[in-house]
Amino acid sequence: MQFYDHATLSRVCVGRLGEKAGRQFAAMARGGFRLLRPAGGMRATGRCRLGGPALLDPETRRPEQGGVP
């Protein structure tokens, strides 16, 4: 399911969970975003913190914690 506004989210929650629980559930919802694969065979740029390779220069070693990058 996708919700683009709080009113729709609230209506669906109330419809499925009942008045009290539905409103409580909807009140806890937080806005977010949706990640999509690039269209048309385009490759991800890797210039964001949401995916792609690390934002390090090629010769820079990746930071490690207990031997795990």
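Look a little higher up for the structure.
Reading the values: the criteria
Residues numbered from 1 in each chain as written. Predicted model: local features only at pLDDT ≥ 70, side-chain atom pairs only at ≥ 80, totals over all residues. Heavy atoms only, no water. Helix = DSSP H or I, 4+ residues; strand = E, 2+ residues; numbered from the N terminus. Buried < 20%, exposed > 50% of the residue type's maximum accessible area, 1.4 Å probe, protein only. Contact = heavy atoms within 4.5 Å. Areas by Shrake-Rupley, 256 points an atom, 1.4 Å probe, with all protein chains shown as cover. Expected span 1.5 Å × (residues − 1). 1 Å grid on protein atoms, 1.4 Å probe; cavity = no way out; pocket = protein on both sides within 12 Å on 5 of 7 lines; lining within 4 Å. Points joined across faces, edges and corners; volume = space filled by probe spheres on them. Nonpolar A, V, L, I, M, F, W, Y, C, P; charged D, E, K, R; others polar. Axes fitted to C-alpha atoms, helices over the stretch in contact; angles between N-to-C directions. Left-handed = near helix turned anticlockwise from the far one by under 90°. Salt bridge = Lys/Arg side-chain N within 4 Å of Asp/Glu carboxyl O.

Chemist: With reference to specific residues and values, describe the overall build of the chain.
Modeler: A tally of regular secondary structure across the chain gives two helices and zero strands. Residues classed as buried in the chain amount to 12% of the 69 residues present. Residue pairs at least 24 apart in sequence account for 3% of intrachain contacts in the chain once pairs closer than 6 positions are excluded. Surface exposure of the chain reaches about 6,700 Å², of which carbon and sulfur atoms provide 54%.

Chemist: Requested: an account of helix 1 (residues 6-17), with residues and values cited.
Modeler: For helix 1, built from twelve residues, the straight-helix expectation of 16 Å at 1.5 Å per residue is met to within 8% by its first-to-last C-alpha distance of 16 Å. Where helix 1 is concerned, the buried positions are Leu9, Ser10, Val12, Cys13 and Val14. Looking at the packing, one finds that the buried side of helix 1 touches helix 2 (19-28). Looking one or two residues beyond helix 1, the residue adopting positive phi is Gly18, at roughly 95°.

Chemist: Hey, could you go over the layout of surface pockets for me, with residue numbers and the actual values?
Modeler: Here the largest pocket is characterised by a volume of approximately 300 Å³. Looking at the largest pocket, it is lined by 13 residues, and the ones nearest its centre are Phe3, Tyr4, Arg30, Gly31 and Gly32. Of the residues that constitute the lining of the largest pocket, the class distribution is six nonpolar, four polar and three charged.

Chemist: Lay out the packing of helix 1 against helix 2 in plain terms, naming residues and giving numbers.
Modeler: Two elements in contact, helix 1 and helix 2, have axes whose closest approach is 7 Å; the angle formed by their N-to-C orientations is 145°. With respect to the hand of their crossing, helix 1 and helix 2 are arranged in right-handed fashion. Residues His6, Leu9, Ser10, Cys13, Val14 and Leu17 of helix 1 form the contact with helix 2, whose participating residues are Glu19, Ala21, Gly22, Arg23, Phe25, Ala26 and Ala27. Grouping the constituent residues of the contact of helix 1 with helix 2 by class yields eight nonpolar, three polar and two charged.

Chemist: Hey, could you go over the pattern of salt bridges for me, with residue numbers and the actual values?
Modeler: For the structure shown, the criterion picks out two salt bridges. Measuring nitrogen to oxygen at the nearest pair gives 3.7 Å for the salt bridge that ties Glu64 to Arg61. Residue Arg61 is classed as exposed on the basis of its relative accessible area, which comes to 66%.

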